[in-house]
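Close look at the chain arrangement
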Amino acid sequence: MKNSISRRKFVTSTLGAGTGVLIIPNISGLTNQKSDKVIKPMIITSHTNDTGRNAMEAGWEILKAGGTAVDAVEKAANIIEVDPEDTSVGYGGLPNEHGVVQLDSSFMDGKTYSAGAVACLENIKTPSSVAKLVMQRTDHVLLVGAGALEFAKAWGFREENLLTEKARKIWLRWKEELSPSDDWGVPEHLQNIRKNEAYWKDFPDIEHHYGTTNVLAIDINGDIAGCTTTSGMSFKLNGRVGDSPIIGAGLYVDNEVGAAGATGRGEDVIKSCASYYMLLKMKEGRTPQQACEDALHMIIDRYKKVNPGFYPGEKFVAINKYGELGCATMIGKSNPQMSVRTESGYSKYEGVVAYPGKP
Ligand code: GLY
């Protein structure tokens, strides 16, 4: 992105103007040469719980101090990843079919056109930081499994057990109820009696989800970065990789346009290159909101040909370089939201359901 003035030049010229004081640049006051639209530093995440809010505040502190979008995104993503209560991302994420937590994450820097990702990474709480190092310290884009772990350990990451008690119990519950014709679970003759035990009361519903979070940011220089991080589809086949570490699917960032990220059924997102599609749409002049909806319609247009009535559950978020926002889900009873932190404070942006009323 070509700013009318770089941050360094701004400070220098301010000092040179003879004011006698160091004036901190107005962080909302940078303009884009081509359109004169104001560049607004900001950070967003698809997570809307308290942890998402804390993540936004921490990321904003970095942006406010003049830090980079890359650093702000990493800080925010790490906060979400280490939350043990969150069963969709990082530590505490639901495991694969064998009870092993395998994490996927991608990172992209819209200024340098650099990207890095890890898939099926085990035992490391913050896969986004490993993805960032793949981006910054290698000429590769994607490391998987044992190689990703080896790389993380080389950079000093500590191996830890990522399976929390909560996640383990949910996984065991899933395993016990997976099939009525195997030997897992309560003995058949006691099933009705023992179904009231505390074990089932703690977890009345088996959580089964695709989870994931996206973090996107614009810094004071108008540079844009993004990260997508997840424990992936719960109880997935060992070795399954979702969309989150696939550049163009779960994440795409381009300083000249903006950034987009996906959560939900990764298989659809991979096949549709959804995040890249959203960037292309924004480049054509669509707003981030329109781009999110366009991508969802594009997926359904394809499925219509083979299975009309199939509406997979995806949620897309997008920002453009001017700080305009977009968020949309395929289906759902209430409008999707995302967390936003700008100099005006924390807020939740409400998007739309693309196919309301669909199952
Ligand atoms: N969107 C996350 C996954 O499918 O793994």
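Definitions and limits used
- Residues numbered from 1 in each chain as written.
- Predicted model: local features only at pLDDT ≥ 70, side-chain atom pairs only at ≥ 80, totals over all residues.
- Heavy atoms only, no water.
- Helix = DSSP H or I, 4+ residues; strand = E, 2+ residues; numbered from the N terminus.
- Polar contact = N/O pair within 3.5 Å; in protein donor to acceptor, adjacent residues only side chain to side chain.
- Contact = heavy atoms within 4.5 Å.
- Pairing = 2+ DSSP bridges.
- Axes fitted to C-alpha atoms, helices over the stretch in contact; angles between N-to-C directions.

Observations concerning the side chain of Ser128
Position of Ser128 relative to the elements: it lies in helix H4 (residues 127–137). Within polar-contact distance, the side chain of Ser128 engages the side chain of Asn78 at 3.1 Å. Within the structure, Ser128 has its side chain in polar contact with the side chain of Glu81 (distance 2.8 Å). Apart from residues no more than four positions distant in its own chain, Ser128 is found in contact with Ala77, Asn78, Glu81, Ser105, Phe107, Cys227 and Thr229.

Structural notes on the sheet that holds strand E11 (residues 314–320)
An order of E9-E10-E11-E12-E15 is seen for the five strands of this open sheet, with the pairing classed as mixed. Edge positions in the sheet fall to strand E9 (251–254) and strand E15 (352–353), since each of these pairs with one other strand and no more. Where E11 and strand E12 (residues 325–329) come together, five bridges link them in antiparallel fashion. Residue Lys315 lies in a different strand from E12, and its bridge partner there is Thr329. Contacts from helix H10 (residues 274–283) reach E9, strand E10 (258–264) and E11 within the one sheet, and its direction differs from that of E10 by about 145°. Running over the sheet, helix H11 (residues 288–306) touches E11, E12 and E15 and is turned about 25° from E12.

Topic: the sheet that holds strand E13 (residues 337–342)
Spatially, the eight strands line up as an open sheet ordered E6-E5-E4-E8-E7-E3-E13-E14, and their pairing is mixed. The strands lining the two open edges of the sheet, one partner per strand, are strand E6 (142–144) and strand E14 (345–350). On average, adjacent strands in this sheet sit at an angle of 10° to one another, irrespective of strand direction. Two strands pair when backbone bridges link them, and E13 and E14 are joined in this way by six bridges, in the antiparallel orientation. Paired with Val340 across the two strands is Ser347, which belongs to E14.

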